Structures are given as C-alpha cells and as structure tokens.
Amino acid sequence: MAVSNKKKKQKKKSHSLLANIKELFTLNIGTIIFGALFLYMAISIILYLTADHISTYQVTSGPLAKNQTYTGIVMRSEEVLTADTSGYLTYYAPENAKVRKNGVVYSIGESQSEETVSELTDSALQKLRSQMSSFSTHFDTTNYNKLYSFKYEIEGSLLQNSGVIAPVNTGNGANATVGGQTICYSSKDGLILYSMDGYEDMQISDITAEQINNKSYHVENLKTKERISAGDPVYKIITEESWSLFIPLSDKLIIQLGDRSTIRVKFLKDGASQVADLIIHSQEDGSYLGELRFSTGVIRYANDRFLDIELVTNTQSGLKIPISSIVNKEFYTIPEAYATKGGDSSELGFLREIKNDKGETTTEFDIVTLYEHKDGLYYVDKSDFTPGDIIIKSGSGDRYVIGDTASLEGVYCINKGYAVFRKIVIIDKNDEYCIVETDTSYGLAQFDHIVEDSTTVKEEAILY
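Asker: Even after reading the chapter, I still don't get the nonpolar core, so can you show me in this structure?
Answerer: In terms of nonpolar packing, the biggest core is built from 24 residues, with Trp-243, Val-265, Leu-292, Ile-309 and Leu-311 touching the most fellow members. Breaking this core down by element, the ones donating at least two residues are strand 3 (69-82), strand 9 (190-193), strand 12 (233-249), helix 6 (251-257), strand 13 (262-267), strand 14 (273-282), strand 15 (288-294) and strand 16 (306-311). Looking at this core, the element that brings in the most residues is strand 12, giving five residues. In this structure, Val-265 is in contact with Ala-272, Ser-273, Gln-274, Ala-276, Leu-292, Phe-294, Ile-309, Glu-310 and Leu-311, ignoring residues within four places of it in sequence. Grouped together as the second largest cluster of nonpolar side chains are 16 residues, Ala-83, Val-105, Tyr-194 and Val-234 included.

Asker: Could you clarify how one ought to interpret the sheet that holds strand 29 (residues 433-436) in this entry?
Answerer: As a general point, the strands of a sheet are linked pairwise by backbone hydrogen bonds and lie either parallel or antiparallel. Read from one edge to the other, the open sheet built from four strands follows the order 2-17-29-28, with strand pairing classed as antiparallel. Only two strands of the sheet have a single neighbouring strand rather than two, namely strand 2 (60-63) and strand 28 (426-429). Here the strands of the sheet are splayed against their neighbours by 45° on average, with no regard to which way each runs. Note: strand 28 against strand 29, three bridges, orientation antiparallel. Its bridge partner lying in strand 29, Lys-429 is registered against Cys-434.

Asker: When you look at the sheet that holds strand 7 (residues 177-178) in this model, what are you seeing that I'm missing?
Answerer: Taken in spatial order, the four strands line up as 4-6-8-7 in an open sheet, and their pairing is antiparallel. Both edges of this open sheet fall to strand 4 (88-91) and strand 7, since each of them pairs with a single strand only. Pairing geometry for strand 7 and strand 8 (residues 181-185), over two bridges, is antiparallel. Along strand 8, the bridge assignment pairs Thr-177 with Thr-182.

Asker: Got a minute to help me understand a nonpolar patch on the surface in this structure?
Answerer: A contiguous nonpolar surface patch, about 410 Å² in accessible area, is contributed by Ile-29, Ile-32, Ile-33 and Leu-37. By relative accessible area, which is 48% here, Ile-33 ends up partly exposed.

Asker: Where do I start with helix 3 (residues 122-138) in this structure?
Answerer: Every α-helix winds through 3.6 residues per turn, so residues three or four apart in the chain are directed the same way. The end-to-end C-alpha distance of helix 3, which contains 17 residues, comes to 25 Å, matching closely the 24 Å that a straight helix rising 1.5 Å per residue would cover. Of the positions making up helix 3, those classed as buried are Ala-124, Leu-128, Gln-131 and Phe-135. All buried residues of helix 3 project into a common sector of 60° when viewed along the axis, lining one side. Turned more than 90 degrees away from the buried face of helix 3, the exposed residues are Asp-122, Ser-123, Ser-136 and Thr-137.

Definitions and limits used
Counting restarts for each chain: residues are numbered from 1 in the order of the written sequence. It should be noted that, the model being predicted, local features are given only for residues of pLDDT at least 70 and side-chain atom pairs only at 80 or more, the latter also being counted only at that level, while totals for whole chains, interfaces and linings use all residues. Side-chain metrics rest on all non-hydrogen atoms present in the structure, leaving aside hydrogens and water. Among the buried residues, those of types Ala, Val, Leu, Ile, Met, Phe, Trp, Tyr and Cys that are joined through side-chain atoms within 4.5 Å form a nonpolar core. Relative accessible area decides the class of each residue, using a 1.4 Å probe on protein chains only: under 20% of the type maximum gives buried, over 50% gives exposed, and in between gives partly exposed. Each helix is a run of DSSP H or I of at least 4 residues and each strand a run of E of at least 2, with the numbering of both proceeding from the N terminus. Whether two residues are in contact is decided by their heavy atoms, any of which lying within 4.5 Å being enough. Strand pairing is defined by DSSP finding a minimum of two bridges between the two strands. Axis lines are fitted through C-alpha atoms, for helices just across the contact stretch, and the angle between N-to-C directions can take any value from 0 to 180 degrees. Without a salt bridge and with relative accessible area above 30%, a residue can belong to a patch; like charges are then joined within 9 Å and nonpolar side chains (Val, Leu, Ile, Met, Phe, Trp, Tyr) within 5 Å. The Shrake-Rupley method, run with a 1.4 Å probe, gives the accessible areas here. Residue values count only the displayed protein chains as cover. The term salt bridge refers to a pairing of a side-chain nitrogen on Lys or Arg with a carboxyl oxygen on Asp or Glu at a separation within 4 Å. Residue count minus one, scaled by 1.5 Å, sets the expected span of a helix. The directions considered for the arc are those from the helix axis to the C-beta atoms.

Laid out in structure tokens, this is it:
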C-alpha cells in the first residue's frame, strides 16, 4: 500500500509539472495584443531617438517688421486769455467744447455767483451719467490731474443744466450779468481749455530734444474758486483745426523716409490713425525735426502736449516666413497653346501621345496640377511627365517634346505629417524673414506649419 501511494504521488507531481509548462507556452489573444503594442512602442521610441528632428515654423500674417514708435511734441494755434478785472469766476463753457465768437465762457464778480438751482431734467441727468461713465472707463491714474479737469467740467454742466443760463452777447456794449456776476464772452471761434503749460507760444526753432523728453513737463489748471486778479490767465482757446506733431529724426530715419511727402501715423493713445503731410526741418544745432502736419483731429488730442506715435512705414503685409525655409523646385514648362479641355471635363490638361497595346499611336488626355502660369508657359510637376513625352496641340497636330524646365520658389508644408511643396510669391524681405502673397494658388495659408530649414528634408519625406 505504501508503494502504491508513492507511485500515485509521483504520477500526480508529473502531471502538475506538465500542466504548468503547457500553460506557460499557451498564447491567448490578450498576450498577442500586448506583445504587439509593446513591440510597436519600442520601435517608435527607437526611431524617434535615432531620427533627425525637424524644426518647424507656424506661418503668421502681418508686416515684415514692427513699425518704430516715437514721442512727438504738439504745436497748435492756441492763445491764453486773461481776466480784465479782479474777482471770483464762474465757468459756463465745458472744457474741450467749441465756442463761437461772442459765446459765453465765464462770469466774474466781487462775490461768488448767486446760483439759481432748479431740478435737473431726465435728459440732463442721463448726459451727466454718460460723462461720468466714460471718464471712469478711460481714467488713467498716471494722469491724475485730469480728475480735477473732469470735476470742473461736471460743475459747469450742472450750472448750465440747473437753470443758470448766461445770455448771449448782443454786441451793443452792455455788460450782461447773471447771479451777480458780469458775463465774459469769447472774442473768436475756437476750442476752450482750462489749462496751460507754457508751450503755447512755442516756435519750431525752440524745439529741442530735451523738450521732447517730457520728464519735467507740468500743466497748470486754470479753473479755480479762489479770487483772481486782473491779468491772471483764465482759459485757453485753440483757434484752428490744423495742428502739427514734431519728432526728432535720426540720419537712418531721414534716409528711410526718403522722398515721402505724406505718411500714415498711428496714435498709440487710442489706436486711431491719420495721414499727415511730412516736412523735414533742419535746426541750428545740426539736428533734424520731422513735422507731421494734420488738417483735422485737433479736438481729439487737445489736452495732450506729447503723443506717442507709430510711423507706418512697413506697409507691405502678407504671410511671414523664414528665409531659411525657402526651396527652389524644378518644373516642366509647357507652352500655354498646348493646354486644352478634354471630354466632359472643364479642367485644363494636355493631350499626350501614347502607343496602345497594338502599337498604334494615339492620344490620352491628362489632367495635371498647373502650379504657375507666366510668360506664356504652364508649370507642371516633373512627376506628371517623363523627358521625351510628346504633347499634341489640339486642332493642329503640332507636337511639343517635354524637356524644358524652370524653377519656382516655395516651402515644404508639413500639415499632414510629410513634406509637400507649396509655391510662394515674395513681396518683401530682409536678412531673416520675407513676406509672401496670400491666396496664392497651391500656396500657403495662415497657421500652416512649414519646415524651418528646407535643407533638412526632401519632398514627400515622412516626418516623425
């Protein structure tokens, strides 16, 4: 019995070992899939680590280079008006508002104006809310002094809208009064401002680089509730719509501007642009100033003595690409007279002479990509024909032998993972980049990805 049990145990142990070996070498579908994925990942990693990595560039749209910015000093036809008598002032004309000749500007008297207050209308309240909302939106803490100008502007609006309406000068010499004060009128048409900076009488010969560097610039607010004396400045009036902005000119900029008589100017303050007449002035110290003369828009920058601008000299705009990405590719050229439409197709193609199975000469209509059409020639890819192919002119039987070539400039586009030639037409360039036309047939579009260095790939190469 002991021997029999021992044999049974040995037999059982042998069966168990065979089962383990059999299970070890038995493949199931899960093992196969896992093995295939592991092998694919291993091969991909090896290929990635050993392959040459290609630098790419995303095509952008815009000018070749950014336009240079400058700070200029404003010169206008402006005059500071003074008080004829002493007293307290009440202002009626809002700042930055145009006033006609004999229009009311302010009143003056030995005491403060006796205000006559009445309830504001809905339209007047709406106007005030609009003024405050606009000021809040555009307020810049670096120009804190404008807060006081706005305060006086609101006070003037309240006085006018609450019933303190000054009479118009009748021109009969009588001194009209309101609220116990004598009314003062404008002697000319113009734009009213209640500030001065000492630059009002500036001449072109007075302008220096130090003046344009406005670090020590100071504006004096003329609106006050204090008593003033006769001869004190009360307001400023801008009498002409035309105005000028002066910028310093370097030798390089003078050459760049060349023979220009006009130039487009972009104002960085608000993004507005305007065409200016360009005049170059030479100064006594040997420096040069560029005068940008404008015929309109004085009210927009009436409170500004200095303006940051951009001279729009780079007017060429298109798709921007690196010079290093450009490649020249050869094409077969075929005279345009040989192009025709075949069968029911509306596309252009060529009649190519072939031999059929019987050895007879016949023609076959080939539709091919026409990359370019210039100087009476069509440019077709060299893969579409072989040297010596014969093209037949439709209706005449004239024959043309494929062989002449010409090159086109282009780049390799890699949007689909492999290099595809795309034609370009250069309209401007510098040492590093060029601007090419948009909407070119078989050309580029904004946000396309191209090879940055065309010498690193070949056409139709697959990129990892």
